[in-house]
Amino acid sequence: MISFIKIAMQTLKVFIIFTGCTILFYYGIMWVSEEYQSYHRYDAPEGAALKVSNAVEEENSSLLDRLMLFYLNGE
């Protein structure tokens, strides 16, 4: 009878720890989600932003130039 009570208490402790960690993880994920919900990643850049790639100008590019750019860069 005593060993049954010990096993039940150990099981209850594991269940409480597991439930507490699960709740903590859930609210942590919800907090991170709310933080990134208000983050506007598609806003116009501020400051001295530059265009990243201007490899070939459209008016001077030929089909061969575009094909070579595709094979070189995988664009």
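Quick caveat: nothing in here was measured; it's all calculated off a predicted structure. (Residues numbered from 1 in each chain as written. Predicted model: local features only at pLDDT ≥ 70, side-chain atom pairs only at ≥ 80, totals over all residues. Heavy atoms only, no water.)

1. Some remarks on the overall build of the protein
The line we're drawing: Elements are defined by DSSP. Helices are runs of H or I of four residues or more, strands are runs of E of two residues or more, and each kind is numbered from the N terminus. Relative accessible area decides the class of each residue, using a 1.4 Å probe on protein chains only: under 20% of the type maximum gives buried, over 50% gives exposed, and in between gives partly exposed. Per-residue accessibility takes into account occlusion by the displayed protein chains alone, with areas from the Shrake-Rupley method and a 1.4 Å probe.
Secondary structure assignment for the protein yields 2 helices and 0 strands. Taking all 75 residues of the protein together, 1% fall into the buried category. Counting only carbon and sulfur atoms, one obtains 65% of the accessible surface of the protein, whose full area is about 7,800 Å².

2. Things to note about the packing of aromatic side chains
Put simply, the rule reads: Between 30 and 60 degrees the pair is tilted, below 30 it is stacked and above 60 it is edge-to-face, where a pair is any two Phe, Tyr or Trp rings, Trp via its six-membered ring, whose centres lie within 6.5 Å.
For the structure shown, the criterion picks out 2 aromatic pairs. The interplanar angle of 75° and the centroid separation of 5.2 Å between the aromatic rings of Tyr 26 and Tyr 27 together place this pair among those described as edge-to-face.

3. Some thoughts on a nonpolar patch on the surface
Threshold: Exposure above 30% relative accessible area and no salt bridge define the residues that can form patches, which grow by joining like charges within 9 Å and nonpolar side chains of Val, Leu, Ile, Met, Phe, Trp and Tyr within 5 Å. Basic side-chain nitrogens of Lys or Arg form a salt bridge, by our definition, when they fall within 4 Å of a carboxyl oxygen of Asp or Glu.
A cluster of nonpolar side chains, contributed by Met 1, Phe 4, Ile 5, Met 9, Leu 12, Phe 15 and Ile 16, occupies part of the molecular surface with about 810 Å² of accessible area. Relative to the assigned elements, Met 1 resides in the segment before helix H1 (2-37). Exposure remark for Met 1: the relative accessible area of 76% places this residue in the exposed category.

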